[in-house]
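# Working through the structure, step by step
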Amino acid sequence: MNITYSDKKDFSAEALQKLFQSVDWISANYPDRLKKALENCETVFTAWDGTQLVGLINAIDDGELTAYVHYLCVNPAYQGHGIGRELLNRIKTKYNGYLYIILIAENESLVKYYRQNGFKYIEGRYVFFAGD
């Protein structure tokens, strides 16, 4: 496996859809909107196996203090090979010096994963959601 990484937003809507379908994320149902949303993000790092998009992370930041990681997505067939760790490291390197890099863990296994990758869980914080 020869994985290459990029900070260029040279992904197609179809490649994004395939990646997001691999992890059953609802965003896959809106490939054109997903592509547009990611193109508008400050930071997107991608992982490729040849021409196949196999991983992605993105962040939105305020330019000084806080960066919010929205997606960390790795095709399940490629999980366990350090791709997610490398994508997180690229975010941590880019935002080194910011006060916060914030992400949301949706289950206990992700809490453990993010802790293993240098993130700290903040007790007593709540996440709110408005939408469908």
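First things first, this report covers the structure right here in the doc. For clarity, every value in this text was computed on a predicted model and none was experimentally measured. (Residues numbered from 1 in each chain as written. Predicted model: local features only at pLDDT ≥ 70, side-chain atom pairs only at ≥ 80, totals over all residues. Heavy atoms only, no water.)

## Section: a nonpolar patch on the surface
Residues Ile60, Leu65, Tyr68, Leu99, Tyr100 and Ile102 make up a contiguous nonpolar surface patch of about 590 Å² in total accessible area. Structurally, the position occupied by leucine 99 is in the loop between helix H3 (83–94) and strand S5 (100–102). The class of leucine 99 is exposed, set by a relative accessible area of 59%. (Patch = residues over 30% accessible without salt bridge, like charges linked within 9 Å, V, L, I, M, F, W, Y side chains within 5 Å. Areas by Shrake-Rupley, 256 points an atom, 1.4 Å probe, with all protein chains shown as cover. Salt bridge = Lys/Arg side-chain N within 4 Å of Asp/Glu carboxyl O. Helix = DSSP H or I, 4+ residues; strand = E, 2+ residues; numbered from the N terminus. Buried < 20%, exposed > 50% of the residue type's maximum accessible area, 1.4 Å probe, protein only.)

## As for the pattern of salt bridges
Counting across every chain of the model gives three salt bridges. The partner of glutamate 39 in a salt bridge is lysine 35, with the nearest N and O atoms 2.3 Å apart. Of this pair, glutamate 39 and lysine 35 both sit in helix H2 (residues 31–39), separated by four residues, roughly a single helical turn. Its salt-bridge partner being glutamate 42, residue lysine 94 comes within 3.9 Å of it at the nearest N-O pair.

## Details of the pairing of strand S3 (residues 52–61)
The element S3 is extensively covered by neighbouring structure, given that seven of its ten residues are classed as buried. Where strand S2 (residues 43–49) lies against S3, seven bridges are found, and the strand directions are antiparallel. In the strand pairing of S3, aspartate 49 is matched with glutamine 52. The turn joining S2 and S3, which pair antiparallel and follow one another in sequence, is formed by two residues; a positive phi near 70° is taken by glycine 50. Between S3 and strand S4 (residues 66–74), which pair antiparallel one after the other, the connecting turn spans four residues, and glycine 63 there sits at a positive phi close to 85°. (Pairing = 2+ DSSP bridges.)

## Things to note about the nonpolar core
Soluble globular proteins tend to pack their nonpolar side chains together in the buried interior. Residues Ile57, Ile83, Leu87, Leu88 and Ile91 are the most contacted members of the largest nonpolar core, which totals 19 residues. Of all the secondary structure elements, the ones that give two or more residues to this core are S2, S3, S4 and H3. Not counting residues within four places of it along the chain, the set of residues in contact with leucine 88 comprises Ile57, Leu72, Leu103, Tyr113, Tyr114, Asn117 and Phe119. If you look at the next biggest cluster of nonpolar residues, it comprises 16 residues, including Leu16, Ala28, Trp48 and Leu56. (Core = buried A, V, L, I, M, F, W, Y, C linked by side-chain atoms within 4.5 Å. Contact = heavy atoms within 4.5 Å.)

## Here's the deal with the packing of aromatic side chains
Tallied over the entire structure, the rule returns six aromatic pairs. A centroid spacing of 5.5 Å and a plane angle of 70° characterise the contact between phenylalanine 20 and tryptophan 25, whose relative ring orientation is edge-to-face. Ring centres of tyrosine 113 and tyrosine 114 lie 5.8 Å apart, and the angle between their planes is 65°; this geometry places the pair in the edge-to-face category. What makes tyrosine 113 partly exposed here is its relative accessible area of 27%. Through a chain of ring-to-ring contacts, the aromatic side chains of Phe20, Trp25 and Tyr71 assemble into a single cluster. Across from the ring centre of tyrosine 30, 5.6 Å away, lies the NZ or CZ of arginine 33, which sits over that ring. (Phe/Tyr/Trp six-rings, centres within 6.5 Å; stacked < 30°, edge-to-face > 60°. Lys NZ or Arg CZ within 6 Å of the ring centre and 35° of its normal.)

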